[in-house]
Amino acid sequence: MHYSYKYRVKISDLWQASMYYAYSSYMGVVNVVCIVASIVLIISRWKGSSDIFRTVMVLFLLLFTVIQPFVIYMKAATSLKSGCPELELAFSRAGVTIISDGRKQDVGWKSVLRIVKKPTILIVYLTDGSGYILRNSVLKETRGGLYDFVNKMIAER
């Protein structure tokens, strides 16, 4: 089998991956608990609270629902400040071929750590700490096949 994708990395791709990571870790549990707690606090204490306390409660809610996602977005934008690179990824039995900015890199399956499936993206992690994001709009109908193929190749290494 051979899978080949050519696409331009977008800020929203990095933001999505970072948000999935943030809400899939212990930080995500803390975020959800704080969001729920702030909503319960606002509902239960709104009537008897002073304007300052109401402001603090709303800011606490906004911290986890608006401010944190915005900060993560800005980090993604900073990561791509030099522009949105075009990537070409090709997956074959020999490994993964990565072409970016005219440079070609062949990576064997022993260097592929894992593939992670999220609702709107697949993330391929390499042992050197790098990773590649493939969004559903790029994968189209090959999403399931690529995911199964990469897992099979990782298991066979």
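Residues numbered from 1 in each chain as written. Predicted model: local features only at pLDDT ≥ 70, side-chain atom pairs only at ≥ 80, totals over all residues. Heavy atoms only, no water.

**As for the pairing of strand β1 (residues 3-8)**
Note the following rule: Any residue under 20% of the maximum accessible area for its type is buried, any over 50% is exposed, and the rest in between are partly exposed; the area is computed with a 1.4 Å probe on protein chains only. For helices the rule is a DSSP run of H or I covering at least 4 residues; for strands it is a run of E covering at least 2, with both sets numbered from the N terminus onward. Whether two strands pair comes down to DSSP finding at least two bridges between them.
Where burial is concerned, the two faces of β1 differ: the one with Y3, Y5 and Y7 is buried and the one with S4, K6 and R8 is not. Bridge count for β1 against strand β2 (residues 86-92) is 6 bridges, and the pairing is antiparallel. The residue of β2 that forms the bridge with Y7 is L87.

**What to know about the environment of R54**
Stated precisely, the cut-off is as follows: By definition in these notes, contact holds between two residues if any of their heavy atoms fall within 4.5 Å.
Here R54 shows up in helix α3 (residues 51-79). Each C-alpha atom of the pair R54 and I42 lies 7.5 Å from the other, and the pair is 12 residues apart in sequence. When sequence neighbours within four positions are dropped, the list of residues in contact with R54 reads W46, K47 and S49.

**Regarding the sheet that holds strand β4 (residues 103-107)**
Inclusion rule: Throughout, an axis means a line fitted to C-alpha atoms (over the contacting stretch in the case of helices), and angles, computed between N-to-C directions, take values from 0 to 180 degrees.
One open sheet accounts for 4 strands, arranged β1-β2-β3-β4; its pairing is antiparallel. The sheet terminates laterally at β1 and β4, the two strands that pair on one side only. For this sheet, the mean angle separating the axes of adjacent strands, direction not counted, is 15 degrees. As defined by bridge partners, strand β3 (residues 95-100) adjoins β4 across 5 bridges and the pair is classed as antiparallel. Following the sheet pairing, I98 is matched in β4 by Q105.

**Notes on helix α5 (residues 143-156)**
Note that an α-helix has 3.6 residues per turn; residues three or four places apart therefore point the same way. To be explicit about the condition: Every helix has an expected span of 1.5 Å times one less than the residues it contains. This arc is taken over the directions from the axis of the helix to the C-beta atoms.
Over its 14 residues, α5 runs 20 Å from end to end, which matches the ideal 20 Å to within 8%, given 1.5 Å per residue. Where α5 is concerned, the buried positions are R143, L146, F149, V150, M153 and I154. Looking straight down α5, one finds its buried side chains confined to an arc of 135 degrees; they lie on one side. α5 presents D148 and A155 as exposed residues on the side facing more than 90 degrees away from its buried surface. Those residues of α5 that are buried lie in contact with β1, β2, β5 (112-117), β6 (121-126), β7 (131-135) and α4 (136-139).

In short, geometric facts, not functional conclusions.
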